[in-house]
Amino acid sequence: MILIALKMLLGDRTKYVGLLFGITFTSFLVTFAASYFGGMMTRSFALIADNPGTDVWVMDPAVVAIDRPINLPTSALSRVRSVEGVRSAVPLAVAQADARFPNGHFQSFQVIGVDDATLTGVPLMKAGATADVLRASGAVIVDGGGTSGKMETPSLVSDQWPSGQPHLDVPTRPLIVGDELLIDDTRVQVAGESMALPRFPPRPLLFTTYSTAERILLPERRRLTFVLATAAPDVDARALAARIEKATHLRARSSADFKEDTVRWMIVNSEDVGDAVTMLSIAMLVGFGVTGVMMFMFTSDNLKYYAVLSAMGASTRLLLTMILAQAALCALIGTGLGLGLCAVAGRLFTMYDFPYRMMWFAPTVGGAAVVLVSVGAAAFSMRPVLKMQPASFLTGR
Amino acid sequence: METHAEPATGPTAISCHGVTKTYGVGNAAVQALRGVDLAVRTGELLMLVGPSGCGKTTLISVLAGLLHRDAGECTVLAHDYEKMDGPETTRFRKENIGFVFQSFDLIPALTAAENAAIPLLIGGAKRRPALDKTRTILKTVGFDERMMNSLPADLSGGQQQRVAIARSLVHNPKLIVCDEPTSALDSQSGRMVMELMREFARGQDRVLVVVTHDDRILEFADRIAWMEDGRIAKVENGPVRAKVPATQS
């Protein structure tokens, strides 16, 4: 009888397509929203992900996420290095700075000062360059950080560093090696471009050495933001973090835990999460609306046949199973179509550098939403079948 | 006026006394059955005839266990629906009753064979054996392979009704109730359908109760029960009985 139910459904093309549309829409939008959320969350901890060699991040005890730094005293570095199980520990400075472009424009950058000796913290470079370019005096590496068109300098040399009025509306080109910027009236030179993971929210990045960062940033009593520690062989990162916390009274988190902390903070505090939830809710509501109405119409249109089946001895349970089977088929195909569409849309989105990442939970959430919508729609449409009297079909009452 | 004529055939299959049924309450109440007395024996084809609204369809709904009666006694194949719960009644219908509806009510998305196999599938039969058995029955009503695999929309009214008849017979029921089985058919198709039904009733020792307005098919009845205003006004032998010896009727 399941097959009969499915053939009944497939025989009514219009409603079948309508049902598929509703469920595909739900599946697509929910999975897409979840993937977009996954992309945003992944980008929120991009600085951690850009440092895969770091086992433990050490920070001020009040820091709860990578984007909420509070600087440490310089002595923190030595204290961390002194903890047993630490193989190496290097400083990392993170700050905001406004850079002046040669035509007079200002652009806010996240400045990341990496250890002068090891250059730990510099992501992969474009054009086969290496982080060693930072060893030149005043050298910086720039990165779009998920933005586009924000690192533009005048195309013509005559428009660069003009005397008198700034040349704000002149033709521009992207920064290249050799271009210069001013940070707090200190001239720095672009020595390369990196391929850092895009940030969320997107922002241009400027990598330099720790000492250059100290020189070009506005003076602060504390410049050190994080201490990046690696564990000695056979030392577990989480155990080492606990040991550092105990010895230094600073906050120490393994990379994995720090990512989780950051995501948790984003979920609680980011307005974009609310947007994603709104998108999910709308997707569910519209999906349920379309699917529920279509399923109800389909069942109502077929009520006569359900009455005939009931008269011929089909139990209520069998009839409900048939309706559930119809909903299940739509759910299965709709989920597949929705996920496929989502994959295509995701491909397009990532091509344009939007935050999109289909993690394991995205199709799971999409599937759960589809189950919820389908079961809801089926339950909604079961009502007339449950209230149906086969005799009323015969007697017309 | 004869109100309760009984044929001289097999044991009583249906026995009703004083059956009443009212729809609605208060001012909107409509008394559809006002004390129906009826007995039908196995092997008999009984036709219920009467004007619209006289209670024919209500009566077959009560006989088929689709409607509860308000009062009176009624046993069908030695079962009283009022002593059975819902699932038991449904199971009883599944095993013992076949239906032929006025508008055929074949499911449009299913082939003729699938439509006719539905009672077997409801009964839990596997699809393949159910379809095989159905094909045999459909052959007896004149269907070839192509017609068996046709959708109802591709069949004529007479062919659709033959599918409906095959559907009512396929699970070997003891009682078949038919509601205006020939009303949508031309004269020739109607005769063919009734010949099939007649054959089934006589040959298989079963009971057929047919509601009809169609005078053309009265000649197939063993007995004809005339209903008026919710009661059996009279029951008389049909032309079939009149033509055969009493021992066979």
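What follows concerns the overall build of chain B. Within chain B, the regular secondary structure consists of 8 helices and 9 strands. Against the 2.2 N^0.38 benchmark of 18 Å for 249 residues, chain B shows a C-alpha radius of gyration of 18 Å, consistent with a compact globule. Counting every position in chain B, which comprises 249 residues, the buried fraction comes to 58%. Sequence separation of at least 24 residues holds for 70% of the intrachain contacts in chain B that already meet a minimum separation of 6. Of the roughly 10,200 Å² of accessible surface on chain B, a fraction of 49% belongs to carbon and sulfur atoms. In chain B, 29 side chains carry a positive charge and 30 a negative one; their mean positions are 4 Å apart.

Core analysis: the biggest nonpolar cluster contains 120 residues, and Tyr-306 and Leu-309 of chain A together with Ile-14, Leu-38, Met-47, Leu-48 and Val-209 of chain B have the highest contact counts within it. It is helix α10 (residues 316–351) of chain A that provides the largest number of residues to this core, a total of 10 residues. For Leu-309 of chain A, the residues in contact, after removing those within four places along its chain, are Met-1, Ala-314, Leu-319 and Met-322 of chain A together with Ile-107, Ile-118 and Ile-122 of chain B. Judged by nonpolar contacts, the second largest core, of 37 residues, contains Ile-66, Ala-139, Ala-196 and Val-263 of chain A.

With that settled, the discussion passes to the domain arrangement of chain A. Residue and element names in this part refer to chain A. Segmenting chain A into domains produces domain 1 (2–43 + 271–395) and domain 2 (71–224). Summarising the inter-unit geometry, the C-alpha centres of domain 1 and domain 2 are found 50 Å apart. Taken together, the contact between domain 1 and domain 2 spans 4 residues of the former and 4 residues of the latter. When the area that domain 1 buries against domain 2 is broken down by residue, the three leading residues are Met-40, Arg-43 and Asp-353, summing to 82%. Linking domain 1 with domain 2 are 0 salt bridges, by the criterion used here. Where domain 1 touches domain 2, the interface holds 1 residue pair in polar contact (both at pLDDT 80 or more).

Moving on: the interface of chain A and chain B. Contacts between the two partners involve 23 residues from chain A and, on the opposite side, 26 residues from chain B. Taken together, the links from chain A to chain B amount to 2 salt bridges. When the shortest N-O distance is used, the salt bridge between Asp-105 of chain B and Lys-304 of chain A registers 3.4 Å. Counting the contacts that link chain A with chain B gives 4 residue pairs in polar contact (both at pLDDT 80 or more). Put simply, the parts of the chain that give the side of chain A that touches chain B at least two residues each are α1 (2–11), α9 (303–311) and α12 (390–395) of chain A. Looking at the side of chain A that touches chain B, the element that brings in the most residues is α9 of chain A, giving 6 residues. Along the lines of polarity and charge, the residues of the side of chain A that touches chain B split into 15 nonpolar, 5 polar and 3 charged.

We now examine the side chain of Gln-161 of chain B. All names here are of chain B. With respect to the helices, strands and loops of the structure, Gln-161 is situated in helix α6 (residues 157–169). A polar contact of 2.4 Å, which involves the side chain of Gln-161, links it to the backbone oxygen of Pro-181. Once residues lying within four places of it in the same chain are set aside, the contact partners of Gln-161 are Val-100, Phe-101, Gln-102, Phe-104, Pro-181, Thr-182, Leu-185 and Val-193.

A separate point is the layout of surface pockets. One number sums up the size of the largest pocket: a volume of about 650 Å³. Lining the largest pocket are 31 residues, with Ser-310, Gln-389 and Pro-390 of chain A together with Thr-90 and Arg-93 of chain B sitting closest to its centre. Listed by contribution, the elements that provide at least two residues to the lining of the largest pocket are α10, α11 (361–387) and α12 of chain A together with α2 (86–96) of chain B. Among the elements that make up the lining of the largest pocket, the one with the highest residue count is α2 of chain B (7 residues). Residues belonging to the lining of the largest pocket are distributed by class as follows: 14 nonpolar, 12 polar and 5 charged. Estimates place the volume of the second largest pocket at around 340 Å³. Classifying every residue of the lining of the second largest pocket gives 8 nonpolar, 7 polar and 6 charged.

Right, let's get into the pairing of strand β9 (residues 205–209) of chain A. Residue and element names in this part refer to chain A. For β9, the tally of buried residues reaches 5 of 5 residues, placing the bulk of the element in the interior. Of the pairings in the sheet, the one linking strand β3 (residues 106–114) to β9 comprises 5 bridges and is parallel in character. Of the residues in β9, the one forming a bridge with Gly-113 is Thr-208.

Moving on, we come to the state of the cysteines. Within the structure shown, the criterion is met by 1 disulfide over all chains. The disulfide bridge from Cys-16 of chain B ends at Cys-74 of chain B, spanning 2.4 Å between sulfur atoms. Of the two residues, Cys-16 of chain B sits in strand β1 (residues 12–23) while Cys-74 of chain B sits in strand β4 (residues 71–76), which places them 58 residues apart along the sequence. The same class applies to Cys-16 of chain B and to Cys-74 of chain B, which are both buried. Here Cys-330 of chain A is not disulfide-linked; the sulfur of Cys-342 of chain A is the nearest cysteine sulfur, at 20 Å.

Turning our eyes to something else, we now look at the pairing of β3 of chain A. Residues and elements named next belong to chain A. Of all 9 residues making up β3, 7 are buried, and the element is well covered by its neighbours. Pairing geometry for strand β2 (residues 86–100) and β3, over 9 bridges, is antiparallel. Bridge pairing in β3 places Ala-93 opposite Gly-113.

About the thresholds
Residues numbered from 1 in each chain as written. Chains lettered and ligands numbered in written order. Predicted model: local features only at pLDDT ≥ 70, side-chain atom pairs only at ≥ 80, totals over all residues. Heavy atoms only, no water. Helix = DSSP H or I, 4+ residues; strand = E, 2+ residues; numbered from the N terminus. Rg over C-alpha atoms; globule rule 2.2 N^0.38 Å. Buried < 20%, exposed > 50% of the residue type's maximum accessible area, 1.4 Å probe, protein only. Contact = heavy atoms within 4.5 Å. Areas by Shrake-Rupley, 256 points an atom, 1.4 Å probe, with all protein chains shown as cover. Lys, Arg positive; Asp, Glu negative; His and termini not counted. Charge placed at Lys NZ, Arg CZ, Asp CG, Glu CD. Core = buried A, V, L, I, M, F, W, Y, C linked by side-chain atoms within 4.5 Å. Domains from an automatic or database assignment. Buried area = accessible area lost by both parts, 1.4 Å probe. Salt bridge = Lys/Arg side-chain N within 4 Å of Asp/Glu carboxyl O. Polar contact = N/O pair within 3.5 Å; in protein donor to acceptor, adjacent residues only side chain to side chain. Nonpolar A, V, L, I, M, F, W, Y, C, P; charged D, E, K, R; others polar. 1 Å grid on protein atoms, 1.4 Å probe; cavity = no way out; pocket = protein on both sides within 12 Å on 5 of 7 lines; lining within 4 Å. Points joined across faces, edges and corners; volume = space filled by probe spheres on them. Pairing = 2+ DSSP bridges. Disulfide = S-S within 2.5 Å.

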